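A look at the structure
Chain by chain, the residues:
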Amino acid sequence: AGFISDGMVGGINWVLGVGGAFAGFVLGTLFLPMVMFGLHQILTPIHVQMIDETGRTLLLPILAMAGAGQVGAALALWIRCKKDKELTEMIKGALPVGILGIGEPLIYGVTLPLGRPFITACIGGGIGGAVIGMIGNVGAIAIGPSGAALIPLISDGKWLGYILGLLAAYAGGFVATFFFGIPKDRLEKEELATETATVNEVPEKAVPQTSAESVTILSSVADGTVVSLDKASDPVFAQKMMGEGYFVEPENGHIYSPVTGVVSSVFPTKHAIGITTPNGLEILLHMGINTVDLGGTPFDVKVTEGQQVTPDTLVAEADLEAIKAAGKETSMIVLVTNMDRVKNFVLEKTGKAKAKAPVMDVKA
């Protein structure tokens, strides 16, 4: 550790000697990984020496850009993943302190666990550092604070240059993350959430509503094997990002309604059907995994929007062989997407089942 630290101090001093936008970009980009491993502590003697010799540290304002890059990345995640309530709540809690320079909640709670946003946040920090380095002579008279909290400690009236660096880091982290930093599974979750919202749109008067507690029975949608949702191959379903439910590995392509209700929508690519029950549950029948790419070719949907259905209703014919030939999976997934209305649910049956057989009870 001592050998690594000595080497890094030597490298940092060399970068500082080069100066300018290059030094700012390198130091701003590398600071977050240093924080992740606790190596940022080796910089304290450099700060102290600079302050002792010149009355200011030119290093701290550059390194503070790393936290600003994180703020920009978090804002991009908030916008692109706005339907992911767990993530957005995490960001809302960590963002205010991130703006004030306390970056650990954003690092360990948001960007680092997602992977790609951590890298784009580093790039944002590098862009802010490059701006600080290009302006030049932006120093701090003390160490400790970061982010917006460092503004009062900027020496020689250079606070405007520091603010420009912050804004550049915010913008850099935001743009890099917005276009390149959103993990694929999060994008899939957003797309599925949008899809779910679309298929579950139904006029308020189309389904009678009741405030009384009631139990809704969900059935097997095909002859085949009923499987717990957490065993789905797609993590969006397996991690229950869009709701609770189950899936059926079908033996044939005759697909029935999982529940009694009204067809709220049929997705344009025919692979998903939304049904709203009389007590307001929103049920999504998602036929196959990643079958949206097939443009509806393997599916012959037998129902229309506004139609009353029951478990006896054949809602679609699916060409299972065509789905498999396209490299997709034929799992017929049933989801309760508005879990906020659910008080309790029990998957009563897994394993072999006939179409229309009750498999899950949902109390609303």
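Provided above is the structure to which this section pertains.
Residues numbered from 1 in each chain as written. Predicted model: local features only at pLDDT ≥ 70, side-chain atom pairs only at ≥ 80, totals over all residues. Heavy atoms only, no water.

This part takes up the overall build of the protein. Scanning the protein for helices and strands turns up 12 helices and 14 strands. The C-alpha radius of gyration computed for the protein amounts to 27 Å, which surpasses the reference 21 Å derived for 364 residues by more than 25%, pointing to a less compact arrangement than a globule. Seen through its C-alpha atoms, the protein measures out along the principal axes to roughly 85 × 45 × 30 Å. Long-range contacts, defined as pairs at least 24 residues apart, comprise 72% of the intrachain contacts of the protein with a sequence gap of at least 6. Element-wise, carbon and sulfur atoms account for 60% of the exposed surface of the protein, whose accessible area totals about 16,000 Å². If you average the places of the 25 positive and of the 34 negative side-chain charges in the protein, the two averages end up 3 Å apart. (Helix = DSSP H or I, 4+ residues; strand = E, 2+ residues; numbered from the N terminus. Rg over C-alpha atoms; globule rule 2.2 N^0.38 Å. Contact = heavy atoms within 4.5 Å. Areas by Shrake-Rupley, 256 points an atom, 1.4 Å probe, with all protein chains shown as cover. Lys, Arg positive; Asp, Glu negative; His and termini not counted. Charge placed at Lys NZ, Arg CZ, Asp CG, Glu CD.)

Position of Thr57 among the secondary structure elements: in the loop between helix H3 (44-54) and helix H4 (59-63). Here Leu59 takes part through its backbone nitrogen, which lies 3.2 Å from a polar atom of the side chain of Thr57. For Thr57, the contacting residues outside a window of four places in its chain are His47, Met50, Ile51, Val138, Gly139, Ala140 and Ile143. (Polar contact = N/O pair within 3.5 Å; in protein donor to acceptor, adjacent residues only side chain to side chain.)

Attention shifts here to the state of the cysteines. Scanning the model with the defined rule gives zero disulfides in all. Residue Cys81 stays outside any disulfide, its sulfur separated by 18 Å from that of Cys122, the closest cysteine. (Disulfide = S-S within 2.5 Å.)

In this section: the sheet that holds strand E12 (residues 344-347). Read across the open sheet, the three strands follow the order E1-E14-E12; overall the sheet is antiparallel. Because the sheet does not close on itself, it has two edges, and the strands there are strand E1 (215-219) and E12. Neighbour to neighbour, the strand axes of the sheet diverge by 20° on average, direction disregarded. (Pairing = 2+ DSSP bridges. Axes fitted to C-alpha atoms, helices over the stretch in contact; angles between N-to-C directions.)

Right, let's get into the pattern of salt bridges. Taken as a whole and assessed by the stated rule, the structure comprises eight salt bridges. A salt bridge links Glu251 to Lys352; the nearest nitrogen and oxygen atoms lie 2.8 Å apart. Remark: Lys352 occurs in strand E13 (residues 351-353) and Glu251 occurs in the loop between strand E3 (244-250) and strand E4 (254-256); sequence separation between them is 101 residues. (Salt bridge = Lys/Arg side-chain N within 4 Å of Asp/Glu carboxyl O.)

A few words now on the side chain of Ser219. Turning to its location among the elements, Ser219 is positioned in strand E1. A relative accessible area of 3% places Ser219 in the buried class. Every residue in contact with Ser219, bar those within four places of it in the chain, is listed here: Tyr246, Pro258, Pro311, Lys356, Ala357, Pro358 and Val359. (Buried < 20%, exposed > 50% of the residue type's maximum accessible area, 1.4 Å probe, protein only.)

Further remarks concern a nonpolar patch on the surface. Taken together, Ile135, Trp159, Leu160, Leu164 and Leu167 make up a surface patch of nonpolar side chains, about 480 Å² in accessible area. On the secondary structure map, Leu164 appears in helix H9 (residues 159-180). Given the relative accessible area of 44%, Leu164 is considered partly exposed. (Patch = residues over 30% accessible without salt bridge, like charges linked within 9 Å, V, L, I, M, F, W, Y side chains within 5 Å.)

With that settled, consider H9. Between its terminal C-alpha atoms H9 stretches 31 Å, which fits the 32 Å expected from 22 residues at 1.5 Å a residue. Of all the residues in H9, the buried ones are Gly161, Tyr162, Gly165, Leu166, Ala168, Ala169, Tyr170, Gly172, Gly173, Ala176 and Thr177. Close packing links the buried residues of H9 with H4, helix H5 (65-80), helix H6 (85-99) and helix H8 (116-135). (Expected span 1.5 Å × (residues − 1).)

A turn of α-helix holds 3.6 residues, and therefore any two residues three or four places apart point the same way. For H6, spanning 15 residues, the distance from its first C-alpha to its last is 21 Å, which sits close to the expected 21 Å at 1.5 Å a residue. Taken residue by residue, H6 has Leu87, Thr88, Ile91, Ala94, Leu95 and Gly98 as its buried positions. After H6 finishes, the residue Gly101 shows a positive phi value of roughly 105°.

This brings us to the sheet that holds strand E6 (residues 272-276). Within the open sheet, the eight strands sit side by side as E9-E5-E6-E7-E11-E3-E2-E13. Their pairing is antiparallel. Every interior strand has two partners, whereas the edge strands, strand E9 (308-309) and E13, have only one. Note that E6 and strand E7 (residues 282-289) share five bridges and pair antiparallel. Pairing of Ile273 across the sheet is with Leu285, part of E7.

What follows deals with the packing of aromatic side chains. Considering all chains together, one arrives at three aromatic pairs under this definition. For the pair Phe179 and Phe180, a centre-to-centre distance of 6.4 Å together with 55° between the ring planes defines the contact as tilted. Given a relative accessible area of 58%, Phe179 falls into the exposed group. Members of the aromatic cluster, each reached through a chain of ring pairs, are Phe174, Phe178, Phe179 and Phe180. Its guanidinium or amino end placed over the ring of Phe178, Arg80 lies 4.9 Å from that ring's centre, counting from NZ or CZ. (Phe/Tyr/Trp six-rings, centres within 6.5 Å; stacked < 30°, edge-to-face > 60°. Lys NZ or Arg CZ within 6 Å of the ring centre and 35° of its normal.)

Now for the nonpolar core. In this structure, Leu43, Leu59 and Tyr162 are the most contacted members of the largest nonpolar core, which totals 46 residues. Element by element, the count of residues in this core is highest for H5, at seven residues. Apart from residues no more than four positions distant in its own chain, Leu43 is found in contact with Ile12, Phe31, Met34, Leu59 and Leu63. Counting residues in hydrophobic clusters, the runner-up holds 34 residues, among them Val248, Val263, Leu320 and Val336. (Core = buried A, V, L, I, M, F, W, Y, C linked by side-chain atoms within 4.5 Å.)

Below, the discussion takes up the pairing of strand E2 (residues 224-228). Taken together, the five bridges between E2 and E3 define a ladder with antiparallel strand orientation. By the bridge assignment, Gly224 is partnered in E3 with Pro250. Alignment of E2 against E13, held across three bridges, turns out to be antiparallel. Bridging from a neighbouring strand, Gly224 pairs with Ala353 of E13.

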